[in-house]
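Each chain is listed here by its residues.
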Amino acid sequence: MITFSSVSKTYEDGTQAIRKLDFTIQAGEFFVLIGPSGCGKTTTMKMINRLIEPTEGKIFLHDREIHTFDVQELRWNIGYVLQQIALFPHMTIAENIALVPEMKKWRKRKISDRIDELLHMVGLDPATYRERKPSELSGGQQQRVGVIRALAADPEVILMDEPFSALDPLSREQLQQDIRNLQQEIKKTIVFVTHDMDEAMAIGDRVCLMKNGETIQIDTPQNMILHPANDFVREFIGDRKSSWLTAVDVMSEAKSPHLLSIHDLEAGNASSILPLYITEEDGSLAGRIVEGSMIRERIPIVPNDMRLAQALPLFEQHQVEALPVVKDSKVVGILSYRTIMHYFMKKHEKEINKV
Ligand SMILES: Nc1ncnc2c1ncn2[C@@H]1O[C@H](COP(=O)(O)OP(=O)(O)O)[C@@H](O)[C@H]1O
Ligand SMILES: [Mg+2]
């Protein structure tokens, strides 16, 4: 969808902001650019809608080099949300949202319907908010309008440069949730800049970590936590393992001593360590062994996407040391209490060392 091919940028004063960027953002992907201040995130983003021109290399949108588009047309098809809420203060909310659709010469009726639809989408009642001025909205509400204004003319790509960083933590978390839901609904390609790793983890399909104008690692949040490319990544991620990992990230695969197929059980292939959980031939959960016999009822499980911190109480509740991890009603692995503790201890160790 968006491809950077050997893209570099040196500013007029000689600052080398970006060095040889090479990556592709997939259609419909939520792609997060992250890194310390000054690492080149904004420069990278602004090159996509040609607010900044690269000094070397090429950028492609749908396999078309971006200079082959009319620049106005390109910008209308790329929504843009800034850190500072950039609503026009003298215009109403409705007028602010209507800006790009009007430039694109949509019909009045269509624009009006679109305004209502978008306001509904982010939980602002059109009857109340359409005619208000931006100053009559809270910061969080204004930034919601900033987001839907970028979506108004149905662009394929949306660029967001630290859109939530000026907000209080509560509004911020709410908006992260909103934008994530919105993304799943509208399936747009979103390029999102942040310097906050928690935010990146919460919303990104893939995260691109930058340093001094170069990409250090591009990966899913989970892979970045589990397989950091180097110490810089490790440090940037910090102590987030236990809070962001889910059951499926740290479980052992389905061939654990705690898991056995019903076929193997009947064939008498149970190893000396008695397995706790038994699966049917199709991989679904059949039962568990309690005091030597199999029971088929009330089998506790961990859903694959459950966070470790949420899974932990289940072990105490059911008085077990391992639980099956289930995805789409199939057992995909086993999560043990010890594994979770391992991740929590690592976090803890670091905190102790800091003191
Ligand atoms: N217009 C400019 N002229 C000269 N240097 C610039 C300009 N804009 C940004 N820079 C420099 O380029 C580097 C990358 O900046 P930027 O892309 O804004 O980083 P980030 O968004 O990650 O904080 C920084 O060193 C910054 O000072
Ligand atoms: Mg920036």
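As the structure is a prediction and not an experimental result, all values here were calculated from the model.

Peer 1: An account of the sheet that holds strand β16 (residues 302–303) is requested, with residue identities and associated values reported.
Peer 2: Strand pairing in a sheet relies on backbone hydrogen bonds. The paired strands run either parallel or antiparallel. If you walk across this open sheet you meet the four strands as β11-β18-β17-β16, and the pairing is mixed. Edge strands, defined here as strands with exactly one partner in the open sheet, are β11 (252–253) and β16. Strand direction decides the pairing type here: β16 and strand β17 (residues 322–327), joined by two bridges, are parallel. Bridge pairing in β17 links Val-302 to Val-325. Contacting β16, β17 and β18 (330–336), helix α14 (residues 308–318) runs over the sheet at an angle of about 80° to β18.

Peer 1: Go over the pattern of salt bridges, please, and point to the residues and values.
Peer 2: Under the definition given, this model contains 15 salt bridges. Residues Arg-114 and Glu-117 are paired through a salt bridge, measuring 3.1 Å at the closest nitrogen-oxygen approach. Residue Arg-114 and its partner Glu-117 are both found in helix α4 (residues 108–121); the two are separated by three residues, about one turn of the helix. Classification of Arg-114 by relative accessible area gives buried; the value is 13%. With relative accessibility at 42%, the residue Glu-117 sits in the partly exposed group. Ionic pairing is found between Lys-188 and Asp-154, a salt bridge with its closest N-O pair at 2.8 Å. One end of the pair, Lys-188, is in the loop between α7 (169–186) and β8 (189–194); the other, Asp-154, is in the loop between α6 (139–151) and β7 (157–161), and 34 residues separate them in sequence.

Peer 1: How would you summarise the nonpolar core if you had to cite specific residues and measurements?
Peer 2: Generally speaking, nonpolar side chains in soluble globular proteins are found buried as a group. By size, the foremost hydrophobic cluster in this structure holds 71 residues, and its most contacted members are Ile-97, Val-147, Met-160, Ile-179, Phe-192, Val-302 and Leu-335. Two domains each provide a minimum of three residues to this core, namely domain 1 (2–244) and domain 2 (248–342). Contacts of Met-160, omitting those with residues within four sequence positions, involve Met-45, Val-81, Val-147, Ile-179, Ile-190, Val-191, Phe-192 and Val-193. Of all hydrophobic cores here, the second largest spans 28 residues; its members include Ala-17, Phe-31, Cys-39 and Ile-59.

Peer 1: So what about the side chain of Thr-44? Which residues, and what values?
Peer 2: Mapped onto the elements, Thr-44 comes out in helix α1 (residues 41–48). Accessibility expressed as a relative area gives 1% for Thr-44, which makes it buried. Reaching out from Thr-44, the side chain makes a polar contact with the backbone oxygen of Gly-40 at a distance of 2.7 Å.

Peer 1: Residue-level account of the site of ligand 1, with values.
Peer 2: In the vicinity of ligand 1, the contacting residues are Tyr-11, Asp-13, Thr-15, Ala-17, Pro-36, Ser-37, Gly-38, Cys-39, Gly-40, Lys-41, Thr-42 and Thr-43. Contact between ligand 1 and Cys-39: an oxygen atom at 3.3 Å from a main-chain N or O atom of the residue. Within the backbone of Gly-40, one N or O atom sits 3.0 Å away from an oxygen atom of ligand 1. Residues of the shell around ligand 1, tallied by class, amount to four nonpolar, six polar and two charged.

Peer 1: Hey, could you go over α1 for me, with residue numbers and the actual values?
Peer 2: Burial runs high along α1: six of the eight residues are buried. Positive backbone phi, approximately 65°, marks Arg-50, located one or two places after α1.

Peer 1: Which residues make up the packing of aromatic side chains, and what values go with them?
Peer 2: Taken as a whole and judged by the stated rule, the model has six aromatic pairs. Both rings, one in Phe-23 and one in Phe-31, keep their centres 5.4 Å apart while their planes meet at 25°; by these two values the pair is stacked. Pair check on accessibility: Phe-23 and Phe-31 agree, each one buried. The cationic tip of Lys-211 hangs over the ring face of Phe-232; the distance from NZ or CZ to the ring centre is 4.8 Å.

Peer 1: Before we move on, can you summarise the pairing of strand β9 (residues 206–211) with the specific residues and values?
Peer 2: Along a regular strand, successive side chains alternate from one face of the sheet to the other. Across four bridges, the pairing between strand β3 (residues 30–34) and β9 is parallel. Bridging from a neighbouring strand, Ile-34 pairs with Leu-209 of β9. With five bridges joining them, β9 and strand β10 (residues 214–219) adopt antiparallel strand pairing. Along β10, the bridge assignment pairs Lys-211 with Glu-214.

Peer 1: Can you break down the pairing of β18 residue by residue, with the values?
Peer 2: Across the seven residues of β18, five count as buried, placing the element largely inside the fold. Where β11 meets β18, two bridges bridge the pair, whose relative direction is antiparallel. Bridge pairing in β18 links Glu-253 to Gly-333. Bridge count between β17 and β18: six bridges; the pairing is antiparallel. Each bridged residue has a counterpart across the sheet, and for Ala-322 the counterpart in β18 is Ser-336. The antiparallel hairpin formed by β17 and β18 contains two residues in its connecting segment, where Asp-328 sits at a positive phi of about 50°.

Peer 1: Lay out α7 with the relevant residues and their values.
Peer 2: Count 3.6 residues to each turn of an α-helix, and residues three or four apart come out pointing the same way. With 18 residues, α7 ought to run about 26 Å at 1.5 Å a step, and its terminal C-alpha atoms sit 25 Å apart, in line with that. Within two residues after α7, Lys-187 carries a phi angle of roughly 55°, on the positive side.

What counts and what doesn't
- Residues numbered from 1 in each chain as written.
- Chains lettered and ligands numbered in written order.
- Predicted model: local features only at pLDDT ≥ 70, side-chain atom pairs only at ≥ 80, totals over all residues.
- Heavy atoms only, no water.
- Pairing = 2+ DSSP bridges.
- Helix = DSSP H or I, 4+ residues; strand = E, 2+ residues; numbered from the N terminus.
- Contact = heavy atoms within 4.5 Å.
- Axes fitted to C-alpha atoms, helices over the stretch in contact; angles between N-to-C directions.
- Salt bridge = Lys/Arg side-chain N within 4 Å of Asp/Glu carboxyl O.
- Buried < 20%, exposed > 50% of the residue type's maximum accessible area, 1.4 Å probe, protein only.
- Core = buried A, V, L, I, M, F, W, Y, C linked by side-chain atoms within 4.5 Å.
- Domains from an automatic or database assignment.
- Polar contact = N/O pair within 3.5 Å; in protein donor to acceptor, adjacent residues only side chain to side chain.
- Near = heavy atom within 4 Å.
- Nonpolar A, V, L, I, M, F, W, Y, C, P; charged D, E, K, R; others polar.
- Phe/Tyr/Trp six-rings, centres within 6.5 Å; stacked < 30°, edge-to-face > 60°.
- Lys NZ or Arg CZ within 6 Å of the ring centre and 35° of its normal.
- Expected span 1.5 Å × (residues − 1).

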